[in-house]
Amino acid sequence: MNDLITIVVPIYNVEKYINDCIQSIINQTYKNLQIILVDDGSKDNCPKICDKYKQKDSRIEVIHKKNGGLSDARNAGIEKANGKFICFIDSDDFINYEYVEKLYNLITKNNADISISNFKRVQDFKKEYLKEKEENKTEQIYTGKQMIENIYNKKLYVQSTVTWNKMYKTELYKTTNFPYGKLHEDEYTTYKLYYNCKKVVMSSEILYYYRYVPNSIMNKKFNKKRLDGIAALEERLKFFQEKEEKKLYNLTLVRYLTVLMIHYTNCKMFLENSEEIQKELKNKYKKCYKKVIKLPECSKQDKLKIILFRVSPKLYYKMRKYSKKVNGDI
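This report concerns the structure included in the present document. Position labels on residues start from 1 in each chain and follow its written sequence. Residues qualify for local features only when their pLDDT is at least 70, as the model is predicted, and side-chain atom pairs are given and counted only at 80 or more; totals for whole chains, interfaces and linings, by contrast, use all residues. To obtain the side-chain values, all non-hydrogen atoms of the structure were included, while hydrogens and water were left out.

So, the overall build of the chain
Put simply, DSSP marks the helices as runs of H or I at least four residues long and the strands as runs of E at least two long, and each gets a number from the N terminus on. Tallying secondary structure elements over the chain gives 13 helices and nine strands in all. A radius of gyration in this sense is built from C-alpha atoms; the matching globule rule multiplies 2.2 Å by the number of residues raised to 0.38. For the chain, the C-alpha radius of gyration of 21 Å lies close to 20 Å, the compact-globule estimate for 330 residues. The principal-axis extent of the C-alpha atoms belonging to the chain is close to 60 × 40 × 35 Å. Here the chain holds 330 residues, and 56% of them are scored as buried. Whether two residues touch is decided by their heavy atoms; if any such pair falls within 4.5 Å, the residues are in contact. Across the chain, the fraction of contacts at a sequence separation of at least 24, relative to all contacts at a separation of at least 6, is 80%. Exposure categories follow from relative accessible area, calculated using a 1.4 Å probe and restricted to protein chains: below 20% of the type maximum is buried, above 50% is exposed, and the middle band is partly exposed.

Quick notes on the nonpolar core
Here, nonpolar core refers to any group of buried Ala, Val, Leu, Ile, Met, Phe, Trp, Tyr and Cys residues whose side-chain atoms link them within 4.5 Å. Residues I114 and I306 are the most contacted members of the largest nonpolar core, which totals 61 residues. By residue number, the principal contributor to this core is helix α10 (residues 246-270), which donates 13 residues. Contact partners of I114, with chain neighbours within four places excluded, come to I107, K166, M167, Y168, L172, L193, Y194, C197, K199, V200 and V201. Ranked by size, the runner-up nonpolar core spans 41 residues in total, among them I25, I26, Y30 and I35.

Thoughts on the packing of helix α1 (residues 18-26) against helix α2 (residues 46-56)
Across the interface, α1 lies against α2 with an axial gap of 11 Å and an inter-helix angle of 20°. Classed by the angle they form, the pair α1 and α2 counts as roughly parallel. In the packing of α1 onto α2, the handedness of the crossing is right-handed. Here I18, N19, I22, Q23 and I26 of α1 come into contact with α2, specifically with C46, I49 and Y53. Charged residues are taken to be Asp, Glu, Lys and Arg, nonpolar residues to be Ala, Val, Leu, Ile, Met, Phe, Trp, Tyr, Cys and Pro, and polar residues to be all remaining types, Gly included. Within the contact of α1 with α2, the residues separate by chemical class into six nonpolar, two polar and no charged. Fitting a line to C-alpha atoms yields each axis, with helices limited to the stretch in contact; the angle taken between N-to-C directions then spans 0 to 180 degrees. With respect to orientation, any angle under 35 degrees is reported as roughly parallel, any angle over 145 as roughly antiparallel, any angle of 65 to 115 as roughly perpendicular, and every other angle as oblique. By the definition used in this description, the sense in which the near helix is turned from the far one sets the handedness, with an anticlockwise turn below a right angle giving left-handed and a clockwise turn giving right-handed.

What to know about the pattern of salt bridges
Oppositely charged side chains can form a pair if their charged atoms are brought close together. We define a salt bridge as a contact between a side-chain nitrogen of Lys or Arg and a carboxyl oxygen of Asp or Glu at a distance within 4 Å. Counted under the stated rule, the structure contains 21 salt bridges. Measuring nitrogen to oxygen at the nearest pair gives 3.1 Å for the salt bridge that ties D20 to R211. Placement of the pair is D20 in helix α1 and R211 in strand β9 (residues 200-211), with a sequence separation of 191 residues. When the shortest N-O distance is used, the salt bridge between E187 and R236 registers 2.5 Å. Within this pair, whereas E187 is found in helix α8 (residues 185-195), its partner R236 is found in helix α9 (residues 228-242), the two being separated by 49 residues in sequence. You can call R236 buried: its relative accessible area is 1%. Each of E98, K102, K133, K137 and E205 takes part in salt bridges that share partners, so that together they form one network.

Brief notes about the packing of aromatic side chains
By convention, a stacked pair of Phe, Tyr or Trp rings (six-membered ring in the case of Trp) has centres within 6.5 Å and planes under 30 degrees apart, an edge-to-face pair has planes over 60 apart, and any other such pair is tilted. Across all of its chains, the model carries 24 aromatic pairs by this definition. Ring centres of Y30 and Y104 lie 4.9 Å apart, and the angle between their planes is 55°; on these two criteria the pair is classed as tilted. Taken together, the residues span a long stretch of sequence, with Y30 in the loop between α1 and β2 (33-40) and Y104 in helix α4 (residues 99-109) at a distance of 74 residues. Comparing Y30 with Y104 shows no difference in burial state: the two are buried. Through successive ring pairs, a cluster of aromatic residues spans Y99, F119, W164, Y208 and Y210. By definition, being over a ring means that NZ of Lys or CZ of Arg is both within 6 Å of the ring centre and within 35 degrees of the ring normal. Over the face of the ring belonging to F178 we find R74, whose NZ or CZ atom lies 5.0 Å from the ring centre. For the cation-ring pair, R310 lies above Y289, with the distance from its terminal atom to the ring centre recorded as 4.2 Å.

Considerations on the environment of K127
Note on placement: K127 falls in helix α5 (residues 127-130). Considering only alpha carbons, one finds K127 and D20, 107 residues apart in sequence, at a separation of 9.3 Å.

Let's talk about unusual backbone geometry
In this model, N111 sits at a positive phi of 50°, which is unusual for a non-glycine residue. By secondary structure assignment, the location of N111 is in the loop between α4 and β6 (114-122). Residue classification places N111 among the exposed positions, given a relative accessible area of 55%.

Examining the pairing of β6
For β6 and strand β8 (residues 166-169), the ladder comprises three bridges, and the chain directions are antiparallel. Bridge assignment links I114 to a residue of β8, and that residue is Y168. Bridge analysis of β6 against β9 gives eight bridges, and the strand direction is parallel. Across the sheet, the residue bridging to I116 is M202, located in β9. Think of it this way: DSSP has to see at least two bridges between two strands before they count as a pair.

The values reported here are purely geometric and, on their own, carry no functional implication.
Pasting the structure below:
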């Protein structure tokens, strides 16, 4: 019999989308599933919808809990996970019917610790997505440390960093949980998982569909909670320093400085009475500017951005805005 695989779905006020998500899971070609629906204190009809599915499918377990945020909901699912492998699906997203089977085949065939699919940003659910097949797909094998380096690769950043397009050996979560009450929870955890991996396999095949929801947590207008991303990077810097991983530390330091610059301009443009925050961010920038600009891991493009910010944060912001409009860049 094939291995049991746990799928954890954190759910909060998504009654408009939850049926698409759950239907795409229960109709997977891979059948030996433990499906954990974590109702994180939803105030809409999600609790009733979850219970309804539980009555129809014996593989489904429902956790009703007080609202604690995405990290807390994922952790609640991990505690109940019995599968050898585990996946996380966000409740406003959906997956190809072969998502689990293909990720399982990837992870077992290659004796890997994590398997990763590609994803597509969508605004609406379409049934044809569920059965899409890709003929010219590629597979790439990495070590855990190489995957951490991929986090700093612009083209691979999202695919490498997010939690939801992956299958993991469940044992990886024995020592790594999601941070309670934090935004950018993936930034706090994914690199630790990779660091404990010997092998990761990544596929170019699109199997996961990320639904762009304008009012979702990550798509709301910039707010103070977005600054959690800075704390996540500071924690990562400490981690690599303690592990004496010089290259990974330097790559993180370059990212840290650029994120400080981005958040400084965002605070200036979008937050009222943020002078103290701006001052703190500018001071952190000044402390590591000279070191970063000399690092071999700092690309010419990053150096130009860093120098431009030092000369004029206003010009840097205009450059960011133009680049985003033309290339979708930040």
